[in-house]
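Coordinate inspection notes
Residues per chain are reported as follows:
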Amino acid sequence: MTDVVHRSCPLCEAHCGISIEVDRAAGSVRTIRGDEHDAFSRGYLCPKAYGLKGLHEDPDRLRAPLRRVDGSFREIGWEEALDLVAGRLREIRESHGPNAIATYLGNPNAHDLGSALFMPTFQRALGTRWRFSASSVDQLPKMLTCCAMFGAPLAVPVPDLDRTDFLLVLGANPLASNGSLMTAPDVPGRLRRLRERGGRLVVVDPRRSETARIADEHLFIRPGGDAFLLLALVNVLFAEDRVALGRLAAFTRGVDAVERVARDFTPEAVEGPTGIPAERIRALARAFAAAPSAACYGRIGTCTQEFGTLASWAVDVLNVVTGNLDRPGGAMFARPAHGPAEDVPRRKGRIPYARWRSGVRELPEFLGELPVAALAEEIDGRGTEGVRALVTVAGNPVLSTPNGDRLARALASLEFMVSVDIYRNETTRFADVILPTTSHLEHTNYDVAFHQLSVRNTAKWSPAVFEAPEGSRDLWEVLLEIGARVNGTTAATLEEMTLAKLLESTVGPGTACPDLTPEEARERLEPWRGPERLLDGMLRAGPWGDRFDDAAEGLSLAKLAAQQHGVDLGALEPRLPEFLDTASGAIELAPELVLEDLARLRAALAAGSEAPFVLIGRRHVRSNNSWMHNVHALAKGPDRCTLLVNPEDARRLGLAEGDRARVRSRVGEVVAPVRLSDEMMAGVVSLPHGFGHAAEGVGLTVAQRHQPGVNSNLLTDEDHLDVPSGNAVLNGIPVEVAAAS
Ligand SMILES: Nc1nc2c(c(=O)[nH]1)N[C@H]1C(S)=C(S)[C@@H](COP(=O)(O)OP(=O)(O)OC[C@H]3O[C@@H](n4cnc5c(=O)[nH]c(N)nc54)[C@H](O)[C@@H]3O)O[C@H]1N2
Ligand SMILES: Nc1nc2c(c(=O)[nH]1)N[C@H]1C(S)=C(S)[C@@H](COP(=O)(O)OP(=O)(O)OC[C@H]3O[C@@H](n4cnc5c(=O)[nH]c(N)nc54)[C@H](O)[C@@H]3O)O[C@H]1N2
Ligand code: SF4
Ligand SMILES: [Mo]
């Protein structure tokens with residue numbers, strides 16, 4: 001007996017609709033196809049989706065808790081495992097305080113409904129301020145600037161890909177990554193249509209990436225040069241009187257300050273740090289301003305670099321001063337179905353920034369978390385409070401954060417570590433206990449994070465494909481069970497508390513459901529449980545919700561679930577000024593915490609042109625950070641962890657195709673096979689992250705056989721940060737490259 005289940009692929013932000021044909025008798029996946037009826041992705045899919053079958057069936061994927069005893073792991077029962085974990089965490093908290101326990105959350109948490117909804121409850125249950133996550137090796141600068149400019153960390157403008165006339169992309173390669181902070185299934189198709197309707201695509205990247213190859217124009221830029229380039233574009237717009245905010249002028253503050261700031265950054269002045277001729281910068285500024293609509297979009301290359309905050313800010317400055325923010329074809333804000341219903345600003349006023357600092361380097365907290373580049377030193381450096389225990393949840397920081405070697409040593413020295421993870425990998429091998437969670441096909445899902453960052457308003461519910469095996473647990477259940485046991489309460493109590501907190505802000509006076517009490521709302525959410533119950537509440541109170549009235553039009557989870565292919569809620573619509581949540585209620589174009597960092601940029605400009613050899617990263621369409629290399633269908637094929645070297649540079653360095661090169665930075669070295677490529681800007685080499693699976697104790701047999709690779713984060717430097725955000729610099733790492741003898 002076969003049947004087909006329609007849901008979303010949970011592997012990347014695009015969350016494409018997939019149709020999974022299941023052999024019920026065998027309990028296995030037959031095929032995975034793109035769902036051509038999906039309201040958003042219309043049948044598109046990338047090679048990774050098929051990897052979901054291999055992931056589900058992978059014998060290396062953990063199904064039972066593991067306990068490490070004398071260096072080797074053995075399976076134990078859930079009760080024993082949870083009691084052990086809670087007991088140790090409690091002891092450490094009682095003897096050393098809550099901050100002796102650190103947490104690290106990895107990227108897949110952002111793709112998991114249960115984690116998104118229950119993580120805050122879990123964190124509160126532990127009570128630690130020493131929280132770390134993959135955000136500070138990723139998008140933290142963007143969240144910081146959006147918080148400062150628009151008032152909320154997820155008020156991230158996304159390019160209106162389907163209507164724009166001009167797309168300027170800096171430091172993103174959506175043809176490999178499928179888009180990030182820009183949920184857009186089928187980027188290749190959307191970019192093709194952009195060009196077919198006469199639009200223009202310009203890509204700025206130190207590598208002629210897959211996306212650059214299909215662009216109208218590609219500009220090589222020196223890594224870290226984006227803030228210079230963007231300020232020079234703004235400089236030209238002011239100098240040539242091309243600034244036109246349009247309707248934004250009525251609610252934008254700080255335009256004069258931006259004009260003053262940009263004065264020093266003339267196209268000529270930034271030729272050195274960008275490597276881009278002044279005339280091309282002028283032409284780009286004119287073309288961007290002249291386009292009927294235009295959107296500037298920056299991603300990993302603009303965030304995980306030396307001036308991540310300034311570059312992320314300047315992307316939106318360009319959008320604002322050309323009047324392209326919040327208008328069709330420009331950079332817009334999505335309106336997700338899970339709410340909130342109306343743009344009712346909370347005007348908290350203060351940016352949740354630097355309310356406390358890390359122990360050793362005193363790096364600022366942002367949104368309640370500390371930069372992960374400080375994790376190792378908070379353990380091995382015994383910061384004022386000293387981290388003694390670590391909880392990792394779906395993360396692999398040994399491969400994904402700077403100076404992985406130091407972090408690995410620090411993890412080995414912990415008094416206790418627990419990892420909630422589906423693999424025994426480079427990080428979790430240091431855990432005392434590993435707690436696995438259900439496979440992606442064994443639980444339901446809805447993308448709370450990525451519906452908020454979407455190029456179109458849509459909503460999609462993903463049912464489970466298989467029933468979860470007896471005794472297994474979803475991620476949120478594991479979190480609540482640990483949190484409950486640490487505090488001597490029950491998971492059910494924590495679940496109720498989470499729901500109560502949600503309903504407090506979604507129903508009652510001053511909300512979209514003013515006449516409803518939390519008790520009434522709660523009754524109407526039956527019979528849903530867990531994350532579904534919370535989501536049902538959010539959808540029903542949301543902008544398209546039925547206001548908890550089954551007879552009314554509008555969305556509830558039941559109605560959404562009945563739409564197997566998801567629902568289309570239309571193109572993005574202007575949301576300003578109502579959506580702004582800054583203290584002033586205006587767009588803050590020149591926030592102080594951003595301007596303060598200009599001194600660093602000016603110093604770099606003055607320091608001049610001595611350009612060291614630098615390393616950047618890249619992504620491959622068949623790879624997914626560090627954790628899909630154990631799926632044979634994706635891992636087979638040529639070695640992907642190669643060092644791309646510009647042929648001229650290679651000649652100078654005495655390197656030939658296939659040679660092994662030694663790459664050395666301040667903190668470490670690796671040896672990787674060389675591929676010559678004129679895709680690379682001279683003076684820049686590229687090595688992807690997420691590899692380095694050969695380490696002892698790693699239980700990834702396929703990855704070790706097919707794509708072991710080396711860990712590029714043995715080269716990235718924990719001392720090299722984007723200063724305001726504390727985000728790690730992962731691109732533009734000074735390195736020496738030589739033939740490995
Ligand atoms: N040099 C360099 N470093 C980088 C980057 C770069 O571009 N260059 N990129 C950075 C970015 S953008 C990111 S987001 C980070 C990612 O950094 P991390 O989030 O730390 O690493 P991932 O490789 O995503 O690892 C995900 C982990 O989650 C586990 N996992 C996957 N799905 C599930 C699940 O459903 N449940 C549970 N319990 N576990 C699960 C996997 O086994 C794996 O251990 O890496 C960063 N590091
Ligand atoms: N196939 C695949 N898809 C993924 C992932 C994956 O690992 N594999 N990871 C997912 C995750 S967690 C994320 S965050 C997204 C990331 O999504 P993207 O940001 O699109 O990721 P990358 O492909 O790393 O693209 C970054 C680009 O920045 C360039 N770059 C490096 N330094 C600089 C610089 O200083 N300036 C400029 N202008 N460019 C620079 C690089 O050459 C590269 O082409 O991808 C997601 N999707
Ligand atoms: S682009 Fe690929 S990995 Fe991303 S959601 Fe779509 S099918 Fe999955
Ligand atoms: Mo990421």
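Data block above holds the structure.
Summary of the structure given here. Treat the numbers as computed from the prediction; the structure is a model and nothing was measured.

Let us look at the overall build of the protein. Summing up its helical and strand segments, the protein has 27 helices and 31 strands in all. For the protein, the C-alpha radius of gyration of 25 Å lies close to 27 Å, the compact-globule estimate for 741 residues. On the principal axes, the C-alpha backbone points of the protein span a range of 65 × 65 × 55 Å. Split by element, the accessible area of the protein, about 26300 Å² in all, is 50% carbon and sulfur.

With that settled, consider the environment of Asn-396. Relative to the elements of secondary structure, Asn-396 occurs in the loop between strand 17 (389–393) and helix 15 (397–400). Residues Asn-396 and Gly-726 lie 330 residues apart in sequence; the distance between their C-alpha atoms is 19 Å. Not counting chain neighbours up to four residues away, the residues in contact with Asn-396 comprise Tyr-104, Asn-425, Glu-426, Thr-427 and Ser-626. Polar contacts involving the side chain of Asn-396 include one to the side chain of Glu-426, which spans 2.9 Å. A distance of 2.6 Å separates a polar atom in the side chain of Asn-396 from a polar atom in the side chain of Thr-427.

A few words now on the sheet that holds strand 9 (residues 166–170). The strand order across the open sheet formed by 4 strands is 11-10-9-13, and the pairing between neighbours is parallel. Two strands lie at the open edges of the sheet, namely strand 11 (217–219) and strand 13 (295–298), each paired on one side alone. Averaged over neighbouring strand pairs, the angle between their axes works out to 15 degrees when direction is ignored. Note that strand 9 and strand 10 (residues 200–204) share 5 bridges and pair parallel. Residue pairing across strands places Leu-170 opposite Val-204, the latter belonging to strand 10. Lying on the sheet, helix 13 (residues 308–321) is in contact with strand 9 and strand 13; it crosses strand 13 at an angle near 175 degrees.

Turning our attention to the sheet that holds strand 7 (residues 131–133). The strand order 5-4-19-18-17-6-7 describes an open sheet built from 7 strands, whose pairing is mixed. Edge positions in the sheet fall to strand 5 (72–75) and strand 7, since each of these pairs with one other strand and no more. Recorded for the sheet is a direction-independent mean angle of 20 degrees between the axes of neighbouring strands. Relative to strand 19 (residues 433–435), helix 2 (residues 78–96) is tilted by about 125 degrees, and along the sheet it contacts strand 4 (66–69), strand 5, strand 6 (101–105), strand 17, strand 18 (416–420) and strand 19. Relative to strand 18, helix 18 (residues 475–486) is tilted by about 150 degrees, and along the sheet it contacts strand 17, strand 18 and strand 19.

All right, on to the packing of helix 8 (residues 226–239) against helix 11 (residues 278–290) then. Where helix 8 contacts helix 11, the two axes come as close as 9 Å, and the packing angle between them is 65 degrees. Taken together, the axis directions place helix 8 and helix 11 in an arrangement best described as roughly perpendicular. Every pair of crossing elements has a handedness; the one defined by helix 8 and helix 11 is right-handed. For the pair formed by helix 8 and helix 11, the contact residues are Leu-229, Ala-232, Leu-233, Val-236 and Leu-237 on the first element and Ile-281, Arg-282, Leu-284, Ala-285 and Ala-289 on the second. Broken down by class, the residue content of the contact of helix 8 with helix 11 amounts to 9 nonpolar, no polar and 1 charged.

What follows deals with unusual backbone geometry. Note that the residue after Gly-339, namely Pro-340, is joined by a cis bond; omega there is 5 degrees. One can find Pro-340 in the loop between strand 14 (331–332) and strand 15 (353–357). A positive phi angle is found at His-15, which is not glycine, with a value near 35 degrees. Along the polypeptide, His-15 turns up in the loop between strand 1 (2–8) and strand 2 (17–23). The phi dihedral of Arg-547 is positive, around 55 degrees, even though this residue is not glycine. Along the chain, the position of Arg-547 falls in the loop between helix 21 (530–541) and helix 22 (557–562).

With that settled, the discussion passes to the site of ligand 2. Not every one of the 31 residues close to ligand 2 is listed here, only the nearest: Ser-177, Asp-205, Asp-226, Ser-623 and Asn-625. Interatomic distance of 3.0 Å between a backbone N/O atom of Ala-176 and a nitrogen atom of ligand 2. The contact in question runs from a nitrogen atom of ligand 2 to an N or O atom on the backbone of His-620, over 2.8 Å. Considering ligand 2 on its own, with 920 Å² of exposed area, one finds that the protein chains cover 97% of that surface. Breaking the shell around ligand 2 down by element, the ones donating at least two residues are helix 5 (174–177) and helix 12 (300–303). Here the shell around ligand 2 takes 3 residues from helix 5, the largest share from any one element. Counting the residues that make up the shell around ligand 2, at least three belong to each of domain 2 (140–339 + 575–596) and domain 3 (610–739).

This next bit is on the site of ligand 3. Taken together, Cys-9, Leu-11, Cys-12, His-15, Cys-16, Leu-45, Cys-46, Lys-48, Ala-49 and Asn-178 are the residues near ligand 3. A class-by-class count of the residues in the shell around ligand 3 yields 7 nonpolar, 2 polar and 1 charged.

One pass over the full model with this rule turns up 7 aromatic pairs. Centre to centre, the rings of Phe-118 and Trp-476 are 5.1 Å apart; their planes meet at 20 degrees, and the pair counts as stacked. With a gap of 358 residues between them, Phe-118 in helix 3 (residues 113–126) and Trp-476 in helix 18 connect regions that are remote in the sequence. When sorted by exposure, Phe-118 lands in the same class as Trp-476, which is buried. Taking 5.9 Å as the distance between ring centres and 85 degrees as the angle between the ring planes, the aromatic pair formed by Phe-228 and Phe-307 counts as edge-to-face.

Attention now goes to the pattern of salt bridges. Per the stated rule, a full pass over the model turns up 57 salt bridges. The shortest N-O distance in the salt bridge between Arg-485 and Asp-83 comes to 2.9 Å. Note that Arg-485 is positioned in helix 18 and Asp-83 in helix 2, a separation of 402 residues in sequence. Judged by relative accessible area, which is 44%, Asp-83 ranks as partly exposed. One salt bridge in this structure joins Glu-94 and Arg-90, with 3.9 Å as the shortest N-O distance. Residue Glu-94 and its partner Arg-90 are located together in helix 2, separated by 4 residues, close to a single helical turn. Judged by its relative accessible area of 33%, Arg-90 falls in the partly exposed class. Put simply, Arg-361, Glu-377, Asp-380, Arg-406, Arg-666, Asp-717, Glu-718 and Asp-719 are held in one network by salt bridges that share partners.

What follows is about the pairing of strand 13. Along strand 13, one buried face is formed by Ala-295 and Tyr-297 and the opposite face, lined by Cys-296 and Gly-298, is buried too. Here strand 9 pairs with strand 13 via 4 bridges, running parallel. Paired with Leu-170 across the strands is Gly-298, a residue of strand 13.

Turning to helix 19 (residues 491–506), a few remarks are in order. The end-to-end C-alpha distance of helix 19, which contains 16 residues, comes to 23 Å, matching closely the 22 Å that a straight helix rising 1.5 Å per residue would cover. Looking at the packing, one finds that the buried side of helix 19 touches helix 3, helix 18, helix 20 (518–524) and helix 21. Once helix 19 finishes, Gly-508 follows within two positions and takes phi at roughly 100 degrees, a positive value.

Criteria and cut-off values
- Within every chain, residues take consecutive numbers counted from 1 along the sequence as written.
- Chains and ligands are labelled sequentially in the order written, the chains with letters from A and the ligands with numbers from 1.
- Totals for whole chains, interfaces and linings use all residues, but because this is a predicted model, local features are given only for residues with pLDDT of at least 70 and pairs of side-chain atoms are given and counted only at 80 or more.
- To get the side-chain values, take all heavy atoms of the structure and skip hydrogens and water.
- In this description a helix means any DSSP run of H or I spanning at least four residues, a strand means any run of E spanning at least two, and both kinds are numbered starting from the N terminus.
- Throughout, the radius of gyration refers to the C-alpha atoms, and the reference size of a globule is 2.2 Å times the residue count to the power 0.38.
- For the area figures, the Shrake-Rupley method with a 1.4 Å probe applies, and any residue is considered shielded solely by the protein chains shown.
- Pairs of residues are marked as contacts when any of their non-hydrogen atoms sit within 4.5 Å.
- Whenever two N or O atoms come within 3.5 Å, that pair is a polar contact, provided that in protein one can donate a hydrogen and the other can accept it, and provided that, for residues adjacent in sequence, both atoms are side-chain atoms.
- We treat two strands as partners when DSSP finds at least two bridges between them.
- Orientation is described by lines fitted to C-alpha atoms, with helices fitted over the stretch in contact, and by angles between N-to-C directions that extend from 0 to 180 degrees.
- With respect to orientation, any angle under 35 degrees is reported as roughly parallel, any angle over 145 as roughly antiparallel, any angle of 65 to 115 as roughly perpendicular, and every other angle as oblique.
- A clockwise turn of the near helix away from the far one marks a right-handed crossing, whereas an anticlockwise turn of less than a right angle marks a left-handed crossing.
- The nonpolar class holds Ala, Val, Leu, Ile, Met, Phe, Trp, Tyr, Cys and Pro. Asp, Glu, Lys and Arg form the charged class, and all remaining residues, Gly among them, are polar.
- If even one non-hydrogen atom of a residue comes within 4 Å of a molecule or strand, that residue is called near it.
- Domain start and end points were adopted from an automatic or database domain assignment.
- Ring geometry is summarised as follows: Phe, Tyr and Trp rings, the Trp one being its six-membered ring, pair when their centres sit within 6.5 Å, and such pairs are stacked at plane angles under 30 degrees, edge-to-face over 60 and tilted between the two.
- Summary of the burial criterion: residues with accessible area below 20% of their type's maximum are buried, those above 50% are exposed, and those between are partly exposed, where the area comes from a 1.4 Å probe applied to protein chains only.
- When a carboxyl oxygen of Asp or Glu lies within 4 Å of a side-chain nitrogen of Lys or Arg, that pair is called a salt bridge.
- Helices are assigned an expected span. That span is 1.5 Å times one less than the residue count.

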